[in-house]
Amino acid sequence: SESFHDAFLDAFEDAWARGAGLEAMNPSIAGDPRYRALYARFLRLGASPGMARRLREEERDLDIRAILADIDTPTLVLSRVDDPWVRVENSRYLADHLRDAELCEVPGADHEPWLGDTEPIIVALRAFIARLPARAGASL
């Protein structure tokens with residue numbers, strides 16, 4: 001919602017400096033100061049706070065729903081069913097509107113795929129990649 005996005009932007013500088021709010025996205029690491037410090041460093045290395053905020057502000061008005069049906073490539077839409085950051089309904093919508101999409105809902109609440117129980121994600125990715133048609137000259 002717009003109010004959620006505005007609250008997110010209001011807390012943006014604190015998140016950038018200290019990794020604040022990380023536990024809202026990834027409950028399994030709540031209270032882990034080491035991971036919070038690593039995440040804050042990750043954010044700072046990715047972009048300046050001002051640039052990252054501008055990108056997030058632009059995301060608020062970005063709506064690609066009208067072109068989803070034009071995307072014609074095999075797509076794996078992967079979602080944890082209890083993700084507090086991105087509702088699973090958003091992933092279902094995306095999979096329903098992409099021409100060649102496959103939806104995979106896995107258990108868990110962490111938004112970041114490398115946190116929490118990663119095994120179902122790895123299994124889903126390997127299976128999806130195995131089903132992709134081979135391309136000449138392509139290698140993994």
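Before reading on, note that the structure itself is shown above.
Residues numbered from 1 in each chain as written. Predicted model: local features only at pLDDT ≥ 70, side-chain atom pairs only at ≥ 80, totals over all residues. Heavy atoms only, no water.

Draft legend 1. Structural context of the nonpolar core. With 11 residues, the main nonpolar core is built from Leu9, Phe12, Trp16, Leu22, Met25, Ile29, Tyr35, Tyr39, Leu43, Ala52 and Leu115. Of all elements in the fold, only α2 (12-18), α3 (22-25) and α4 (33-46) reach the threshold of two or more residues within this core. Per element, the largest residue contribution to this core is 3 residues, and it comes from α4. Judged by nonpolar contacts, the second largest core, of 6 residues, contains Leu76, Val106, Ile121 and Ala124. (Core = buried A, V, L, I, M, F, W, Y, C linked by side-chain atoms within 4.5 Å. Buried < 20%, exposed > 50% of the residue type's maximum accessible area, 1.4 Å probe, protein only. Helix = DSSP H or I, 4+ residues; strand = E, 2+ residues; numbered from the N terminus.)

Draft legend 2. Looking closely at α4. The terminal C-alpha atoms of α4 lie 20 Å apart, and with 14 residues this matches the ideal 20 Å at 1.5 Å per residue to within 8%. Along α4, the positions that sit buried rather than exposed are Tyr35, Tyr39, Ala40 and Leu43. Around the axis of α4, the buried residues are gathered within 140° of arc, so they sit on the same side. Facing away from the buried side of α4, by more than 90 degrees, are the exposed residues Pro33, Arg34, Arg41 and Leu45. N-capping of α4 is provided by aspartate 32, with a side-chain oxygen placed 3.1 Å from the backbone N of arginine 34. (Expected span 1.5 Å × (residues − 1). Arc of directions from axis to C-beta. Polar contact = N/O pair within 3.5 Å; in protein donor to acceptor, adjacent residues only side chain to side chain.)

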